[in-house]
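Chain by chain, the residues run as shown.
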Amino acid sequence: LPLLDADRAKALKALAPAAPSDRDRAQCLHRTFEAQARARPNAIALSDGDVRLTYGELNARANRLAHYLLRHGVEAQTPIAICLPRSWRMLVAMLAVVKAGCAYVPIAPEAPVERNAFILEDSRAALLVTAGDIADGLKRVCPGVVELEAEDDAIGGCPASNPDMPVSVDQLLY
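Residues numbered from 1 in each chain as written. Predicted model: local features only at pLDDT ≥ 70, side-chain atom pairs only at ≥ 80, totals over all residues. Heavy atoms only, no water.

### Remarks on the packing of helix 4 (residues 55-71) against helix 5 (residues 88-99)
Short version of the rule: Axes here mean lines fitted to C-alpha atoms, for a helix over just the part in contact, with angles spanning 0 to 180 degrees between N-to-C directions. Numbering of helices and strands runs from the N terminus, with a helix taken as a DSSP run of H or I at least four residues long and a strand as a DSSP run of E at least two residues long. Note on angle classes: values under 35 degrees are labelled roughly parallel, values over 145 roughly antiparallel, values of 65 to 115 roughly perpendicular, and the remainder oblique. Here is the rule for handedness: rotate from the far helix to the near one, and if that takes an anticlockwise turn smaller than a right angle the crossing is left-handed, while a clockwise turn gives right-handed. It only takes one pair of heavy atoms within 4.5 Å for two residues to be counted as in contact. Under the scheme applied here, ten amino acids are nonpolar (Ala, Val, Leu, Ile, Met, Phe, Trp, Tyr, Cys and Pro), four are charged (Asp, Glu, Lys and Arg), and all others, including Gly, are polar.
At a closest axis distance of 8 Å, the pairing of helix 4 and helix 5 adopts a crossing angle of 55 degrees. One finds that helix 4 runs oblique with respect to helix 5. As for the relative orientation of helix 4 and helix 5, their crossing is right-handed in sense. Seen from helix 4, the contacting residues are Leu58, Asn59, Arg61, Ala62, Asn63, Leu65, Ala66 and Leu69; seen from helix 5, they are Trp88, Leu91, Val92, Ala93, Leu95, Ala96, Val97 and Lys99. Classifying every residue of the contact of helix 4 with helix 5 gives 12 nonpolar, two polar and two charged.

### A word on the packing of aromatic side chains
Applicable threshold: By convention, a stacked pair of Phe, Tyr or Trp rings (six-membered ring in the case of Trp) has centres within 6.5 Å and planes under 30 degrees apart, an edge-to-face pair has planes over 60 apart, and any other such pair is tilted. Working definition: with a 1.4 Å probe on protein chains only, accessible area under 20% of the residue-type maximum means buried, over 50% means exposed, and in between means partly exposed.
Applying the stated criterion across every chain, the model contains one aromatic pair. Taken together, a centroid distance of 5.8 Å and an interplanar angle of 45 degrees make the contact between Phe33 and Tyr55 tilted. Placement of Phe33 in helix 3 (residues 29-39) and of Tyr55 in helix 4 is noted, with a sequence separation of 22 residues between them. This pair shows no difference in class: Phe33 is buried, exactly as Tyr55 is.

### Things to note about the pattern of salt bridges
Side-chain pairing between opposite charges can occur once the charged atoms of the two side chains come close. Using the following cut-off: Just to be clear on terms, a salt bridge is a Lys or Arg side-chain nitrogen sitting within 4 Å of an Asp or Glu carboxyl oxygen.
Applying the stated criterion across every chain yields a total of one salt bridge. The salt bridge involving Lys99 is made with Glu34; its shortest N-O contact spans 2.7 Å. One end of the pair, Lys99, is in helix 5; the other, Glu34, is in helix 3, and 65 residues separate them in sequence. Accessibility expressed as a relative area gives 1% for Lys99, which makes it buried.

Following this line, the structure appears as structure tokens:
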């Protein structure tokens, strides 16, 4: 039995937010983030210890790394492995992989080398994004390695603009 009469039910439905359209649901993750970075570039997006990045700074860092990854010859849907501890660098790397139109393959630095080597081989990752000596045992398994700290100057020289990659929710990442 209905708890509300028809007029009351209609009034309550009018107060509810509109359901998202199919187009809204199909929005890619990085496009939603880029819209937030445009709307609130100076707002703090993340805080990790002493590092605080605004949406604008996070977007620029991710864009530079995405352009750097694209210079390594990756194409849309290319699997890219990230072996980093949970940190602001990991978030930048994940966002960069998405912006490059590639698929993110998580590699846990604390997992056994044999397990991570299997994941790299099985996923056919074209690149491994890491820092320092975190993934020393994995570098022989992956055809390309991007060491964030060692390549910081080269990455910093890449454009801060959003990469113009055609990415859709039908791709491997999603």
